[in-house]
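# Notes for the structure review
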Amino acid sequence: MEHYHMNLTLKVWRQKNNKAKGSFETYKVKEISSEMSFLEMFDVLNEQLILEGKSPIAFDHDCREGICGMCSMHINGQVHGPWAQNTTCQLHMRAFKDGDTIVVEPWRSKAFPIVKDLMVNRSAFDRIIEAGGYISVNTGNAVDANAIPIDKKKADDAFMAAACIGCGACVATCINGSAMLFVGAKISQLALLPQGGPERESRALNMVAQMDKEGFGNCTNTYACEAQCPKGISVANIARMNKEYIGAGFATEEN
Amino acid sequence: MGATGLFLITFLIVHAGINSMIFFNDGGETFNHWGHFMGSNFIIRTMEIGLMLFLLLHIVEGLLLWRQNKIARPVKYAVTRTDGKTKWYSKSMGLLGTLILIFLIMHFYHFWIPSRFGGMANIQPLAEITLGQEYNNQPVHNLYKEMQNVFSGNLIVIIFYVLGCISLCWHLMHGFQSAFQTFGVNHKRYTPIIKAVGVLYSVGISLLFASMPVAFYFGWVN
Ligand code: HEM
Ligand code: SF4
Ligand code: FES
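Being a predicted model, the structure only gives us computed values, none of them experimental. (Residues numbered from 1 in each chain as written. Chains lettered and ligands numbered in written order. Predicted model: local features only at pLDDT ≥ 70, side-chain atom pairs only at ≥ 80, totals over all residues. Heavy atoms only, no water.)

## Things to note about the site of ligand 1
Around ligand 1, the surrounding shell holds 26 residues, and the nearest of these are His58(B), His171(B), His174(B), Ser178(B) and Thr182(B). The environment around ligand 1 is built from residues contributed by chains A and B. Note that an oxygen atom of ligand 1 is positioned 3.0 Å from one of the backbone N or O atoms of Gly2(B). One of the side-chain nitrogen or oxygen atoms of Thr182(B) is found 2.9 Å away from an oxygen atom of ligand 1. Broken down by secondary-structure element, the contributors of at least two residues to the shell around ligand 1 are α1 (2-19), α3 (42-71), α4 (93-117) and α6 (155-182) of chain B. Looking at which element gives the most residues to the shell around ligand 1, the answer is α6(B), with 7 residues. Class assignment for the residues of the shell around ligand 1 results in 12 nonpolar, 14 polar and no charged. (Near = heavy atom within 4 Å. Polar contact = N/O pair within 3.5 Å; in protein donor to acceptor, adjacent residues only side chain to side chain. Helix = DSSP H or I, 4+ residues; strand = E, 2+ residues; numbered from the N terminus. Nonpolar A, V, L, I, M, F, W, Y, C, P; charged D, E, K, R; others polar.)

## Section: the coordination of the iron atom of ligand 1
When four donors bind a metal tetrahedrally, each ideal donor-metal-donor angle is 109.5 degrees, and when six bind octahedrally, the ideal angles are 90 or 180 degrees. All names here are of chain B. Only His58 (NE2) and His171 (NE2) from the protein reach the iron atom of ligand 1 as donors, at distances of 2.0 Å. For the iron atom of ligand 1, the 6 donor atoms in the first shell make angles of 88 to 179° at the metal, a pattern classed as octahedral. Note that His58 is positioned in helix α3 and His171 in helix α6, a separation of 113 residues in sequence. Just as His58 is buried, His171 falls in that class too. (Donors = N, O, S within 2.8 Å, 3.2 Å for Na, K, Ca; no water. Tetrahedral: all angles 85-135°; square planar, octahedral: opposite > 155°, others 65-115°. Buried < 20%, exposed > 50% of the residue type's maximum accessible area, 1.4 Å probe, protein only.)

## Observations concerning the interface of chain B and chain A
Each side of the interface is counted separately: chain B has 30 residues, and chain A has 37 residues. Summing the contributions of chain B and of chain A, the shared interface buries around 2,600 Å²; its carbon and sulfur component is 53%. Of all residues in chain B, Arg73(B), Tyr77(B) and Gln181(B) bury the most surface against chain A, accounting for 24% of the area lost on that side. Summed over the shared surface of chain B and chain A, the number is 0 salt bridges. Taken together, the links from chain B to chain A amount to 20 residue pairs in polar contact (both at pLDDT 80 or more). Ranked by residue count, the leading element in the side of chain B that touches chain A is α6(B), at 5 residues. The class makeup of the residues in the side of chain B that touches chain A is 10 nonpolar, 13 polar and 7 charged. (Contact = heavy atoms within 4.5 Å. Buried area = accessible area lost by both parts, 1.4 Å probe. Salt bridge = Lys/Arg side-chain N within 4 Å of Asp/Glu carboxyl O.)

## Here's the deal with the nonpolar core
Generally speaking, nonpolar side chains in soluble globular proteins are found buried as a group. Formed by 65 residues in total, the largest nonpolar core has its most connected members in Phe38(A), Phe42(A), Met93(A) and Phe216(A). Per-domain counts for this core show at least three residues from each of domain 1 (5-105) and domain 2 (123-251) of chain A. With sequence-adjacent residues up to four places away left out, Phe216(A) is seen in contact with Ser109(A), Ala111(A), Phe112(A), Ala124(A), Phe125(A), Ile128(A), Val171(A), Gly177(A), Ala179(A), Met211(A) and Ala72(B). Counting 38 residues, the second-largest nonpolar core is a separate cluster that includes Leu8(B), Ile9(B), Ala16(B) and Ile22(B). (Core = buried A, V, L, I, M, F, W, Y, C linked by side-chain atoms within 4.5 Å. Domains from an automatic or database assignment.)

## With respect to the domain arrangement of chain A
Residue and element names in this part refer to chain A. Under the domain assignment used here, chain A contains domain 1 (5-105) and domain 2 (123-251). For domain 1 versus domain 2, the separation of C-alpha centres amounts to 30 Å. Contacts between the two partners involve 10 residues from domain 1, matched on the other side by 11 residues from domain 2. Around 840 Å² of area is buried between domain 1 and domain 2 when both sides are counted, 54% of it from carbon and sulfur atoms. The tally of links between domain 1 and domain 2 comes to 0 salt bridges. The tally of links from domain 1 across to domain 2 stands at 1 residue pair in polar contact (both at pLDDT 80 or more). Residue classes in the side of domain 1 that touches domain 2 are distributed as 3 nonpolar, 7 polar and no charged.

## Some details on the site of ligand 2
Residues and elements named next belong to chain A. With respect to spatial proximity, 13 residues lie near ligand 2, and among them Cys164, Cys167, Gly168, Cys170 and Cys229 are the closest. Those elements giving two or more residues to the shell around ligand 2 turn out to be α4 (169-173) and α5 (180-191). The residue makeup of the shell around ligand 2, split by class, is 11 nonpolar, 2 polar and no charged.

Dropping the structure here:
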């Protein structure tokens, strides 16, 4: 891949706090290396802003290696930018060319209120996990790997579901602002394994109830979430969650 | 949405099946026979109430869904770009449904209202026909004649019907497979089959319905 430099125009959403009215600000950055990551380009821009005596742009990030799910940016109309199955931190500037204009917006969802600029509060996801995304026993010491036999296919599906990094891109990209892919993945990773069995009904009911309470939209099966998820989480997990939920509705009466 | 949608899908099969009797090209005899059977049968008339309720429920559910989903994103994005995989019609179910609703209002005005409330003020009574011995020579509604009346003269009506069928086709292209996903069916082997059946059903049923006004207009059946 050839190394090149580029000058860019950035239109970034700026908003002082949750209550303030935000707007787009236009910035220019020069001599950006094609080998930089998108967030490194933002670091350059922020240093520039600080030197100019302006306040730097607030954005979430942590691992910068595609595993924590913090980096939330809606770039040129797509969550995490133009590359498929990719996080913002793993997006590199070779995706752009000299003279490009890049529009950067925060995740837009009622359930993810803006904290500042591009930073949104995703603790709605944490509360959904607290409502049932766990098993209520101590795992103790590591046991023999084959102490509990698990079907290979189910183990693989559970692993794929567990790849969800909780970034919220599914909510941000969905025209309905629905969180079904995230919740579907979190319900599936436990429902598929024997350890998740005992609490499967209350888990499905409680996590879905919390999801609705948080004000996420309703899924209409457009499957945009799957197309845009950085971890390629499959909508089969949403179907599994629907099945778990319908089944739980019939199975429990005490809830 | 899923339960009501699947019910409507089943209804459409019966509806299209009976209407296809016009293609016997026997002056509407077979069609009127079945039309009368449906109109005079206690079980079918009871199910008709269910159908209307389900249709209404489907619309109300759709409106609620639309409203809640609008609230879920109070501030829109300035720029959106499609991912190339998500289907436009999947994202336009509310719009397509509304187009179907507009079509249905016209459709009811043409057939359902005169056939059910024909005796009332300002509503043109339908022509009648005698089907013979098996109905004790009692006259029954000539719905075939009504189809002829509605479809033979007015090109605008034909265009509206065809557009209605096109909206229905897209609505079902999404709806058919979506209903299965809603009920938790997503299977490596069967989902591609469900999707293929959905496309066949949607295109087939819409073509069949659209062919009826067109056939009358061009005098292919008479
Ligand atoms: C009368 C006007 C109608 C309106 C306003 C309307 C509206 C909607 C809306 C907003 C959806 C949500 C999308 C989704 O959940 O996938 C939907 C789904 C659906 N509609 Fe309609 N619709 C109408 C008529 C019909 C008709 C006539 C049929 C069938 C013959 C039908 C079959 C379906 C099916 C099968 C679904 C998918 C259900 C699911 O995903 O669970 N609709 N409709
Ligand atoms: S399902 Fe995908 S898009 Fe949604 S939170 Fe998990 S990793 Fe992010
Ligand atoms: S910063 Fe951790 S995934 Fe991007």
